[in-house]
Amino acid sequence: MSVTKAFFGYTRSGETVERFTLTNSSGMSVSIVSFAASIQSVIVPDRDGRMVDVALGYDTAKEYELNGGCFGALVGRFANRIRNSRFAIDGREYQLIPNSGANHLHGTYNHRNFQGFMDEDTNSVSFSFVSPHGEEGFPGNVHITFRYTLTEDNALLLDYTAFTDKATVINLTNHVYFNLSGHDSGDALDTVLQMNAGKYTPADDHNLLTGEIADVAGTPFDFRTAKPLGQDNFAAHPMLKSAKGYDLNMVLDAPSMTQPSAVAVSPKTGIRMEYFTTQPGTQLYAGCNIAKGGVLPGKGGAAYRDYSGFCLESQHFPCAPDFDHFDTAVLRPGEVYRQSAAYRFGVE
């Protein structure tokens, strides 16, 4: 196992961007750049032993700074949507800065350059920072640590911790896009996906949750039996039509770090990815708007288009502050926010 660090470039304001590479004894490697703590590459063997990079990304610091797609980025303070950019805690209302129409989406962590700290003993790199009180309208000085670890059994672990000095809401995730046939192989809609998720949260045509928790049975959102991601991606369902495909919160049956909540396989390479999380929800995103109908230049000369990659984003439910029956996203002084996720790779 090894952890290395290299110069990657400069931001427009002159900050140094670094790239950290984690490697295990099997030859799997993961590179993370300090801008947005972004996963730049995930290189794993396919069924023939060929090493394949299965994560979408960029070659330069400048591209990450302009990254509208959040490729591989840490997002927060609240991943996904907050309706009308406001929420209340203990009767006090907080107004956020709208950044998605009238709503608040993800936050600004994906626009920051972080300082990384390597740990060779655990084959990991960590990023720690303070999100100040009042940032984007959120209350509380929140101390956040985000750690990537590469294990000997080809798993990339993501661990998040946070604490605050004032009651706030928090929902962190990572926005890595995968294409298990290779990041430069075209669309990922032939990926065969199985999810242990018997329910989902319906949304309106602005992807804002209605508060309902519905059964997947009889809908295009039923992945309890494995099927290609593209099989029902364009089905005649209002949520699929408004989002141009899958972009919804799946309610996991039994989130766990010991049993996978989802398994994805490329029929082309045989690369298999198991997904684990401690969070109750996962945003299944088919990359419907990666290039906004055009072409987005990626690393190594790749031409990314819509559906070139998919995301499985661990999360509290979107719009969680609106609904008391959702798992709470409130963090109070004296409490510690903890969540973990993992992507473990193999072949079949």
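Residues numbered from 1 in each chain as written. Predicted model: local features only at pLDDT ≥ 70, side-chain atom pairs only at ≥ 80, totals over all residues. Heavy atoms only, no water.

Trainee: Please explain the overall build of the protein chain as it appears in this structure.
Mentor: Scanning the protein chain from terminus to terminus reveals 2 helices and 29 strands. Here the C-alpha radius of gyration of the protein chain, 19 Å, is about what a compact globule of 348 residues would show, namely 20 Å. In terms of principal-axis extent, the alpha carbons of the protein chain reach across some 60 × 50 × 40 Å. For the protein chain, with 348 residues in total, the buried portion stands at 59%. (Helix = DSSP H or I, 4+ residues; strand = E, 2+ residues; numbered from the N terminus. Rg over C-alpha atoms; globule rule 2.2 N^0.38 Å. Buried < 20%, exposed > 50% of the residue type's maximum accessible area, 1.4 Å probe, protein only.)

Trainee: What is the right way to read the packing of aromatic side chains from this model?
Mentor: Given two aromatic rings, one states the distance between the centres and the angle between the planes to describe the pair. Scanning the model with the defined rule gives 25 aromatic pairs in all. Centre to centre, the rings of Tyr177 and Tyr285 are 6.0 Å apart; their planes meet at 65 degrees, and the pair counts as edge-to-face. Of this pair, Tyr177 sits in the loop between β16 (173-174) and β17 (192-195) while Tyr285 sits in strand β24 (residues 281-285), placing them 108 residues apart in sequence. You can call Tyr177 buried: its relative accessible area is 3%. When the centroid spacing of 5.0 Å and the interplanar angle of 55 degrees are considered together, the rings of Phe323 and Phe326 count as tilted. One aromatic cluster is present, built from ring pairs that chain together Phe8, Tyr58, Tyr64, Phe71, Tyr177, Tyr285 and Tyr304. A cation over an aromatic ring shows up here: Lys227 above the ring of Phe223, its NZ or CZ 4.6 Å from the ring centre. (Phe/Tyr/Trp six-rings, centres within 6.5 Å; stacked < 30°, edge-to-face > 60°. Lys NZ or Arg CZ within 6 Å of the ring centre and 35° of its normal.)

Trainee: How do you make sense of the pairing of strand β2 (residues 16-23) when you look at a structure like this?
Mentor: Regular strands have side chains that alternate between both faces of the sheet. Relative to β2, strand β1 (residues 2-10) runs antiparallel, the two sharing 8 bridges. What sits directly across from Ala6, in β2, is Arg19. Here β1 folds back onto β2, and the loop between the two strands holds 5 residues, one of which, Gly14, carries a positive phi near 95 degrees. Where β2 and strand β3 (residues 29-33) come together, 5 bridges link them in antiparallel fashion. Of the residues in β3, the one forming a bridge with Arg19 is Val33. Hairpin remark: β2 followed by β3, antiparallel, with 5 residues in the connecting loop; positive phi at Gly27, about 95 degrees. (Pairing = 2+ DSSP bridges.)

Trainee: I tried to follow the sheet that holds β24 on my own but got confused; where do I start?
Mentor: Strands belonging to one sheet form pairs held by backbone hydrogen bonds; the direction of such a pair is parallel or antiparallel. Read from one edge to the other, the open sheet built from 5 strands follows the order β19-β18-β21-β24-β27, with strand pairing classed as antiparallel. What marks the edges here is a single partner per strand, and that holds for β19 (214-215) and β27 (311-315). In this sheet, β27 lies alongside β24 in antiparallel orientation, the contact comprising 5 bridges. Bridging from a neighbouring strand, Thr282 pairs with Ser314 of β27.

Trainee: What is the right way to read the side chain of Asn80 from this model?
Mentor: Tracing the chain through its elements places Asn80 in strand β7 (residues 78-82). Its relative accessible area of 4% is what places Asn80 among the buried residues. Separated by 3.2 Å, the side chains of Asn80 and Gln315 make a polar contact. What Asn80 contacts, discounting residues up to four positions off in sequence, is His104, Leu105, His106, Gln283, Gln315 and Pro318. (Polar contact = N/O pair within 3.5 Å; in protein donor to acceptor, adjacent residues only side chain to side chain. Contact = heavy atoms within 4.5 Å.)

Trainee: Help me understand the pairing of β17, please; the structure alone is not making it clear to me.
Mentor: Relative to strand β20 (residues 227-228), β17 is paired through 2 bridges, and the arrangement is antiparallel. By the bridge assignment for β20, Val192 is matched with Pro228.

Trainee: I'm lost on the side chain of Ser256 in this one. Help?
Mentor: The residue Ser256 is located in the loop between β21 (247-251) and β22 (262-265) in this model. Looking at Ser256, its side chain comes within polar contact range of the side chain of Thr258, at 2.8 Å. For Ser256, the contacting residues outside a window of four places in its chain are Ser261, Phe276 and Thr277.

Trainee: How should I be thinking about the pattern of salt bridges in this particular structure?
Mentor: Inspection of every chain in the model, using the stated rule, returns 18 salt bridges. For the salt bridge of Arg86 with Glu93, the shortest nitrogen-to-oxygen distance reads 4.0 Å. When its relative accessible area of 36% is taken as the criterion, Arg86 is described as partly exposed. Of the charged contacts, one joins Arg272 and Glu348 as a salt bridge, the two residues approaching to 3.0 Å between their closest N and O atoms. With Arg272 in strand β23 (residues 271-277) and Glu348 in the segment after β29 (337-347), this pair connects stretches of sequence that are 76 residues apart. Shared partners join several salt bridges into a network, and the residues in it are Asp153, Arg272, Glu274, Arg344 and Glu348. (Salt bridge = Lys/Arg side-chain N within 4 Å of Asp/Glu carboxyl O.)

Trainee: Sorry if this is basic, but what is going on with the sheet that holds β2 here?
Mentor: Read across the sheet, 5 strands follow the order β1-β2-β3-β4-β5 without closing on themselves; strand pairing throughout is antiparallel. The open sheet has two free edges, formed respectively by β1 and β5 (51-53), since each of these has just one partner strand. Across the sheet, the mean angle separating the axes of adjacent strands is 20 degrees when strand polarity is ignored. One ladder, built from 5 bridges, connects β3 with strand β4 (residues 38-45); its direction is antiparallel. Paired with Val33 across the bridge in β4 is Ser38. (Axes fitted to C-alpha atoms, helices over the stretch in contact; angles between N-to-C directions.)

Trainee: Just checking my understanding: could you explain the nonpolar core for this structure?
Mentor: One broad trend across soluble globular proteins is that nonpolar side chains are buried collectively. Ranked by size, the top nonpolar core spans 93 residues in total, and within it Val42, Tyr148, Phe178, Met195, Leu284 and Phe345 carry the most contacts. Sort the elements by how many residues they give to this core and strand β13 (residues 142-150) lands first, with 5 residues. Contact partners of Val42, with chain neighbours within four places excluded, come to Met28, Ser29, Val30, Val52, Asp53, Val54, Ala55, Leu156, Phe178 and Phe345. Among the nonpolar cores identified, the runner-up in size contains 11 residues, and Phe87, Phe138, Ala167 and Ala320 belong to it. (Core = buried A, V, L, I, M, F, W, Y, C linked by side-chain atoms within 4.5 Å.)

Purely spatial values, then, with no claim about function.
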